[in-house]
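Residue-level structure breakdown
Spelled out from the first residue to the last, the chains are:
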Amino acid sequence: MKSFPPKVLANNLNIALIFQKTISTIGCGIKTVKKKLVLPGKEIASTEEMIAGEGTFEDKGKIRASRIGEVRVDKNSKVVTVQPVTSTPVRVNRGDIIIGEVREVRNSIVVVDILQVEGNKRSLYGDKTAVIRVAEISERYVRDPLTEYRIGDIVRAKVTQDYPNLQLSTKGSEFGAIKSLCVKCRYPLKLKGKILECERCGNKENRKISKYYGQGNV
Ligand SMILES: [Zn+2]
């Protein structure tokens, strides 16, 4: 981790705060978070209504806490996580591989909330907002980000820039969506060949998919 003189650090923080504020104003009303303290093993939800995220595990149709912490539910994506109450902040650096959740898809960028730095069990402190520019979505040419990502997608991405804001890339087969929900009924999509299919309503969807789609506890 780099260390900055206090003044540089303050400027860095200011820029980060302004950036975050802009994003959260635009994203206002999309994401709601609910907090509740639980012990490991505690049943939090069923896998039919929620998606197991960080700090949880699936057990016979139930989602349980794998550690002590606060339950956080993203009502939009239905991802439930357990966040440690006392956590040392983890800084996101260029070159890190992250797991994030798509919060917004716009004309030329995709806005992602970073949930976790891969290989680092500690949680990130507070919200970490990053963007994927349209040219960084895929090795193929992408005209409209909406053909590749939708709100609530869980993506694996590489951090290409950490200052003045966080930028990500999902170019390459390891990167892209690892879990997506049906846009019609919000049921998790299954990968069938190269297409994602909803087993509940039959809807078929396209994403920039990672080769790790459907693997892992997210
Ligand atoms: Zn569906």
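Please refer to the structure higher up on the page.
Definitions and limits used
Residues numbered from 1 in each chain as written. Predicted model: local features only at pLDDT ≥ 70, side-chain atom pairs only at ≥ 80, totals over all residues. Heavy atoms only, no water. Helix = DSSP H or I, 4+ residues; strand = E, 2+ residues; numbered from the N terminus. Buried < 20%, exposed > 50% of the residue type's maximum accessible area, 1.4 Å probe, protein only. Contact = heavy atoms within 4.5 Å. Areas by Shrake-Rupley, 256 points an atom, 1.4 Å probe, with all protein chains shown as cover. Pairing = 2+ DSSP bridges. Donors = N, O, S within 2.8 Å, 3.2 Å for Na, K, Ca; no water. Salt bridge = Lys/Arg side-chain N within 4 Å of Asp/Glu carboxyl O. Polar contact = N/O pair within 3.5 Å; in protein donor to acceptor, adjacent residues only side chain to side chain. Core = buried A, V, L, I, M, F, W, Y, C linked by side-chain atoms within 4.5 Å. Axes fitted to C-alpha atoms, helices over the stretch in contact; angles between N-to-C directions.

**A look at the overall build of the protein**
Helix and strand counts for the protein stand at 1 helix and 16 strands. Considering the protein as a whole, with its 218 residues, one finds that 42% of them fall into the buried category. Taking as baseline every contact in the protein between residues at least 6 positions apart, the subset at least 24 positions apart corresponds to 58%. By element, 53% of the accessible surface of the protein is carried by carbon and sulfur atoms, the whole surface being about 11,800 Å².

**Quick look at the sheet that holds strand 14 (residues 189-192)**
Read from one edge to the other, the open sheet built from 3 strands follows the order 14-15-16, with strand pairing classed as antiparallel. Two strands lie at the open edges of the sheet, namely strand 14 and strand 16 (204-205), each paired on one side alone. Sheet topology note: the strand 14/strand 15 (residues 195-198) ladder contains 4 bridges and is antiparallel. Bridge pairing in strand 15 places Leu 191 opposite Leu 196.

**Concerning the coordination of the zinc ion**
In an ideal octahedron of six donors the angles at the metal are 90 or 180 degrees, and in an ideal tetrahedron of four donors they are 109.5 degrees. Only Cys 182 (SG), Cys 185 (SG), Cys 198 (SG) and Cys 201 (SG) from the protein coordinate the zinc ion, and they sit 2.3 Å from it. Judged by its relative accessible area of 22%, Cys 185 is partly exposed.

**Some thoughts on the pattern of salt bridges**
Applying the stated criterion to the full structure yields 13 salt bridges. Residues Glu 54 and Arg 67 are paired through a salt bridge, measuring 3.3 Å at the closest nitrogen-oxygen approach. Note that Glu 54 is positioned in the loop between strand 3 (51-52) and strand 4 (56-59) and Arg 67 in the loop between strand 5 (62-65) and strand 6 (69-74), a separation of 13 residues in sequence. Note that Arg 207 and Asp 153 form a salt bridge whose closest N and O atoms lie 2.7 Å from each other. Separated by 54 residues along the polypeptide, Arg 207 in the segment after strand 16 and Asp 153 in the loop between strand 10 (129-133) and strand 11 (154-161) bring together distant segments of the chain. Beyond isolated ion pairs, a larger network of salt bridges with shared partners links Lys 190, Lys 192, Glu 197 and Glu 199.

**A look at the side chain of Gln 83**
Here Gln 83 shows up in strand 7 (residues 79-83). Side chain to side chain, Gln 83 and Thr 81 meet in a polar contact 3.1 Å long.

**Comments concerning the pairing of strand 5**
Residues Ile 63 and Ala 65 line the buried face of strand 5, whereas the alternating positions Lys 62 and Arg 64 sit on a face that is not buried. Where strand 2 (residues 43-46) and strand 5 come together, 3 bridges link them in antiparallel fashion. Among the inter-strand pairings, Ser 46 is bridged to a residue of strand 5, identified as Lys 62. As defined by bridge partners, strand 4 adjoins strand 5 across 4 bridges and the pair is classed as antiparallel.

**Quick look at the nonpolar core**
Formed by 27 residues in total, the largest nonpolar core has its most connected members in Val 92, Ile 98, Val 110, Ile 114, Tyr 149 and Leu 168. Put simply, the parts of the chain that give this core at least two residues each are strand 8 (97-105), strand 9 (109-117), strand 10, strand 11, strand 12 (166-169) and strand 15. Tallying contributions element by element places strand 9 first for this core, with 4 residues. Not counting the four nearest positions on each side in its chain, Val 110 is found in contact with Val 102, Glu 104, Val 105, Ala 130, Val 131, Ile 132, Ile 137, Pro 145 and Tyr 149. Membership of the second largest hydrophobic core comes to 11 residues, among which are Met 50, Val 71, Val 80 and Val 82.

**Comments concerning the sheet that holds strand 5**
Read across the open sheet, the 3 strands follow the order 2-5-4; overall the sheet is antiparallel. The open sheet is flanked by strand 2 and strand 4, the only strands paired with a single partner. Going across the sheet, the axis of each strand differs from the next one's by a mean of 30°, ignoring polarity.

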